[in-house]
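# Coordinate analysis (summary)
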Amino acid sequence: MWQWTPIRDFLSQLLTPYWTTPLLYAVQILIVMICVILVMAFYTLAERRVIGYMQVRRGPNRNNLFFIKGGLQPFADVFKLIFKEIVIPADANHFLFRLAPFLSMVPALALWAVIPFGPESVFANIDAGLLYLLALTSMGVYGIILAGWAANSKYAFLGAMRSAAQIVAYEIAMGFALVGVLMAARSLNIGDIIRAQSGGPLSWNWFWLMPLMFVYFIAGVAETNRAPFDVAEGESEIVAGFHVDYSGMAFALFFIAEYVNMITISVLTVVFFLGGWLSPFQGYGLVPDSHWLAQPSFFWLGLKTILPMFCFLWLRATFPRYRYDQIMRLGWKALIPVTLVWLLAEGIMAWCQVGPWKNL
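Source: prediction; values computed, not measured.

## A word on the overall build of the chain
Of regular secondary structure, the chain possesses 13 helices and zero strands. The helix and strand sequence of the chain, counted from the amino end, reads α-α-α-α-α-α-α-α-α-α-α-α-α. Against the compact-globule benchmark of 21 Å for 360 residues, the chain has a radius of gyration of 23 Å, which places it among compact chains. Along the first, second and third principal axes, the C-alpha atoms of the chain reach 80 × 60 × 40 Å. Per-residue burial for the chain yields a buried fraction of 45% across its 360 residues. When contacts within the chain are restricted to residue pairs at least 6 apart in sequence, those whose partners lie at least 24 apart make up 75%. In the form shown here, the chain has an accessible surface area of approximately 18,700 Å², with 71% of it arising from carbon and sulfur atoms. One finds the centroid of the 22 positive side-chain charges in the chain at a distance of 9 Å from the centroid of its 19 negative side-chain charges.

Listed below in structure tokens is the structure:
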């Protein structure tokens, strides 16, 4: 009798690589996206608690989740927004009005494809990872412009134009800061940029590129429309900016993108200037090299990321909102010249073979 088992085994061996690998990547991407969204949700809670503490008032403290005061507040906010009606203005472009929130959120999530979580943990270990990051961080502005234009409202359009001009100004400073990182690491690969900082905290880029680190982080704060650069959401100025006509989950998607971008900028600040997943005990002999404290891991990346994430909240609780002319003056007349001067200083250090360039 004819046996079909060998044929089945042959087809299984032939087809397995083509369906298990995409499925495995899909499951991993789903897990990372869920983790990022959950971190974003609890980040909103941390913001309200931290700013409440700094301003000597209470944050959410009623609907607790185990030992976390107010821990159910982010989930309550989500359920409220899910069941709110999404109202689209009668004269709006319905397709672009619905598309704009996704154009803001998708690039924010797609950035995580090239961010390494550990020495061998990255979705796409591409050689041009730095260019990929620059390209996608520039895509979010299209969602903002479309949101203001598609609503067919002068208030929303004015807010979108101001936000777009702000993002373009600070994108240049951010790009120049990353040029300094490229000069130090001599690679566009994100993993190679982290490995180039091996040797301990004094070998990390913050020591040699400290002005560029501050420029990059300030530009990141401005690009995410966070205080004190949140003129696009200046309620007292232009009726809440480009998303004035949005409601429900369409409104929430803009803020999901904003908070995910805050987390992304914090992670990238650590990756480019604070050694990424490298251990601070590396190279000093304080613990044996075989000890887990001296090993590079996701633990160190996550622990370091808490600092810039806290700085986002600290800035919001401390600084008043800048005027629009002050924001543009800071971007064009302060940050960009600082980056150009320090790139020149980097060239001199490379010529003198000091710092990261001593082995050239």
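## Some remarks on the environment of Ile265
The topology assignment puts Ile265 in helix H11 (residues 248-273). With a relative accessible area of 6%, Ile265 lands in the buried category. With 106 residues separating them in the primary sequence, Ile265 and Gly159 have C-alpha atoms 23 Å apart. Residue contacts for Ile265: discarding those within four places in its chain leaves Met174, Tyr216, Gly220, Thr224 and Phe312.

## Some remarks on unusual backbone geometry
Put simply, Ala227 and Pro228 share a cis peptide bond, and its omega is 5°. For Pro228, the position within the fold is in the loop between helix H9 (210-223) and helix H10 (235-238). Positive phi outside glycine occurs at Asn152, with the angle close to 60°. The topology assignment puts Asn152 in the loop between helix H5 (140-150) and helix H6 (154-185).

## Considerations on the layout of surface pockets
In this structure, the largest pocket spans a volume of roughly 1,000 Å³. Together, 36 residues line the largest pocket, and Thr44, Glu47, Asp77, Phe255 and Tyr259 are the ones closest to its centre. Contributions of two or more residues to the lining of the largest pocket are made by helix H1 (5-54), helix H2 (73-82) and H11. Ranked by the residues each element gives to the lining of the largest pocket, the list is headed by H1, at eight residues. The residue makeup of the lining of the largest pocket, split by class, is 20 nonpolar, four polar and twelve charged. If you add up the space inside the second largest pocket, you get close to 470 Å³.

## Describing a nonpolar patch on the surface
Residues Tyr53, Met54, Phe310 and Trp314 make up a contiguous nonpolar surface patch of about 460 Å² in total accessible area. Secondary structure elements with two or more residues in the nonpolar patch: H1 and helix H12 (298-318). Looking at the element boundaries, Trp314 is found in helix H12.

## Some remarks on the side chain of Glu171
Looking at the element boundaries, Glu171 is found in helix H6. There is no salt bridge for the buried Glu171, and the closest opposite charge comes from Arg226, which lies 16 Å off by N-O distance. For Glu171, the side chain forms a polar contact with the side chain of Thr137, separated by 3.3 Å. In contact with Glu171, not counting residues within four places along its chain, are Leu134, Thr137, Ser138 and Glu223.

Conventions we followed
- Residues numbered from 1 in each chain as written.
- Predicted model: local features only at pLDDT ≥ 70, side-chain atom pairs only at ≥ 80, totals over all residues.
- Heavy atoms only, no water.
- Helix = DSSP H or I, 4+ residues; strand = E, 2+ residues; numbered from the N terminus.
- Rg over C-alpha atoms; globule rule 2.2 N^0.38 Å.
- Buried < 20%, exposed > 50% of the residue type's maximum accessible area, 1.4 Å probe, protein only.
- Contact = heavy atoms within 4.5 Å.
- Areas by Shrake-Rupley, 256 points an atom, 1.4 Å probe, with all protein chains shown as cover.
- Lys, Arg positive; Asp, Glu negative; His and termini not counted.
- Charge placed at Lys NZ, Arg CZ, Asp CG, Glu CD.
- 1 Å grid on protein atoms, 1.4 Å probe; cavity = no way out; pocket = protein on both sides within 12 Å on 5 of 7 lines; lining within 4 Å.
- Points joined across faces, edges and corners; volume = space filled by probe spheres on them.
- Nonpolar A, V, L, I, M, F, W, Y, C, P; charged D, E, K, R; others polar.
- Patch = residues over 30% accessible without salt bridge, like charges linked within 9 Å, V, L, I, M, F, W, Y side chains within 5 Å.
- Salt bridge = Lys/Arg side-chain N within 4 Å of Asp/Glu carboxyl O.
- Polar contact = N/O pair within 3.5 Å; in protein donor to acceptor, adjacent residues only side chain to side chain.

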